[in-house]
Amino acid sequence: MTRAITILGATGSIGASTLDLIRRERDKWRVVALTANCQAVELARLAREFSAEVAVVADETCLPDLREALAGSGIAAAGGAAALVEAATRPADITVAAIVGGAGLAPTMAAIEQGRSVALANKEALVSAGDVMMAAVARHGTTLLPMDSEHNAIFQCLAGNDPAHVRSITLTASGGPFREWSAAQLAVATPEQAVRHPNWDMGAKISVDSATMFNKGLELIEAFHLFPVGLDALRIVVHPQSVVHSMVEYRDGSTLAQLGPSDMRVPIASCLAWPGRMDTPCAPLDLAALGELTFRAPDEVRFPATRLCRQAAEAGGAIPAVLNAANEVAVAAFLAGHLPFTRISVMVEELLGRYAPPAPTTLDQVIAVDAEARSHARRLLELV
Ligand code: NAD
Ligand code: MG
């Protein structure tokens, strides 16, 4: 029996790792839709290799290139925001939500509304639309499988246990490439240095988030929605080796942790095979060779992002969406060389102090808050 899969964001880092696993058991899967922002040639190559039903580019101006690259293949080509949502609503047993940023919000929600399984990598969507998205998951009886390595670890550590017995959940953080850098060094950090992560090979945006620690902050908000144990029970610890991916402490003093190599194919495989298991080509963990695993408290003076995210989660409503939008604008500006590294969190904090819209209760309202926050953030960029 084959399972039908759709991958939103198929040309990215998570998309590639997912397709690598599918390629290894090709006969078990049927690919429904593959999507990308543009990358028409690469998307067409993947759609042909995996005999997808449809390939979709979010950026409509790339559709002619996609059509040309798919000519004669019998694979449908589509473009634009509505086509992306349409692709997400096609029947699939599991949808991998791996678009980066708020752009993934509408298609991810459309997949959730189908009431099947959604493997969620697109953390920005959950951060922005947390309440609205979790309500949709409950309403449609959707199986939401966390693909982010920390949340996947927590999901595995919670399996078979009553969440009421949880005392705390600890997210581990590598600390990013600038973990040991002084404030003076951070002030002149370049995009090239920021995207060179010591442990993980990821897309540019999440790599910068990892360097600022916004990644861990966004993950705190993500965990807040996925695992309703309350914000006070959520902790962060810096663990430079990225071997322990997170842990759950129970009321009896038992702490369960999930360990594994720092290779996203492990949590992706956990989602694809859940509640079963599947093989991955990842090197087995060799603890004796690793020798030491170390842990320390995060430094919120050099890296204020986790503090800002905790405050945003506490405030709730529209505030996490504003924080996420401000961060996306700031990261894009940093990557383009227009904003110093340490101004990313300054700019986010500044916007949070200026713009506090009412809590959104629908997806359209979340999208409106996101758009408005981005335009405020862009104006703020001109001031910093
Ligand atoms: P990436 O930049 O490598 O890939 C992003 C994908 O989204 C690409 O297919 C791209 O074409 C598509 N995309 C980009 N902008 C788009 C837009 N405006 N509209 C539609 N599609 C668009 O990113 P990634 O590293 O694969 O990360 C994807 C998501 O998974 C992010 O939310 C990230 O935080 C999360 N995540 C990634 C990792 C990792 O190891 N890479 C780990 C955990 C979570
Ligand atoms: Mg993560």
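How each quantity is defined
- Residues numbered from 1 in each chain as written.
- Chains lettered and ligands numbered in written order.
- Predicted model: local features only at pLDDT ≥ 70, side-chain atom pairs only at ≥ 80, totals over all residues.
- Heavy atoms only, no water.
- Domains from an automatic or database assignment.
- Buried area = accessible area lost by both parts, 1.4 Å probe.
- Salt bridge = Lys/Arg side-chain N within 4 Å of Asp/Glu carboxyl O.
- Helix = DSSP H or I, 4+ residues; strand = E, 2+ residues; numbered from the N terminus.
- Phe/Tyr/Trp six-rings, centres within 6.5 Å; stacked < 30°, edge-to-face > 60°.
- Donors = N, O, S within 2.8 Å, 3.2 Å for Na, K, Ca; no water.
- Buried < 20%, exposed > 50% of the residue type's maximum accessible area, 1.4 Å probe, protein only.
- Near = heavy atom within 4 Å.
- Polar contact = N/O pair within 3.5 Å; in protein donor to acceptor, adjacent residues only side chain to side chain.
- Nonpolar A, V, L, I, M, F, W, Y, C, P; charged D, E, K, R; others polar.

(A) Here's a closer look at the domain arrangement of the chain. Examined at the domain level, the chain breaks down into domain 1 (3-146) and domain 2 (151-316). With centres defined by C-alpha atoms, the gap from domain 1 to domain 2 works out at 25 Å. Contact between domain 1 and domain 2 buries roughly 2200 Å² in total, counting both sides, with carbon and sulfur atoms accounting for 74%. Counting every contact that joins domain 1 to domain 2 gives three salt bridges. Linking Asp 20 and Arg 265 is a salt bridge whose minimum nitrogen-to-oxygen distance equals 2.9 Å. Counting residues per element, the ones that place at least two in the side of domain 1 that touches domain 2 are strand S1 (3-8), helix H1 (13-24), strand S5 (94-97), helix H6 (123-140) and strand S7 (143-146).

(B) Quick look at the packing of aromatic side chains. Applying the stated criterion across every chain, the model contains four aromatic pairs. Taking 5.6 Å as the distance between ring centres and 55° as the angle between the ring planes, the aromatic pair formed by Phe 155 and Trp 274 counts as tilted. Here Trp 274 lies in the loop between helix H12 (265-273) and helix H13 (287-290) and Phe 155 lies in helix H7 (residues 149-158), a separation of 119 residues in the sequence. Seen in terms of ring centroids, Phe 178 and Trp 181 are 4.2 Å apart; in terms of plane orientation they differ by 35°. Their pairing is tilted.

(C) Structural detail: the coordination of the magnesium ion (ligand 2). Around the magnesium ion (ligand 2), the donor atoms from the protein are Asp 148 (OD), Glu 150 (OE) and Glu 219 (OE), and they sit 2.1 to 2.2 Å away. Summarised as a motif, the one-chain spacing of the donors to the magnesium ion (ligand 2) is D-x1-E-x68-E. With Glu 150 in helix H7 and Glu 219 in helix H11 (residues 214-226), the pair connects residues that are 69 residues apart, well separated along the chain. Judged by its relative accessible area of 1%, Glu 219 falls in the buried class.

(D) Region of the structure containing the site of ligand 1. The local shell around ligand 1 holds 23 residues, among which Thr 11, Ser 13, Ile 14, Asn 37 and Glu 124 are the closest. Interatomic distance of 3.0 Å between a side-chain N/O atom of Gln 39 and an oxygen atom of ligand 1. Within the backbone of Ala 121, one N or O atom sits 3.3 Å away from an oxygen atom of ligand 1. Class assignment of the residues belonging to the shell around ligand 1 gives a composition of 12 nonpolar, eight polar and three charged. Taken together, domain 1 (3-146) and domain 2 (151-316) each give at least three residues to the shell around ligand 1, which thus spans both.

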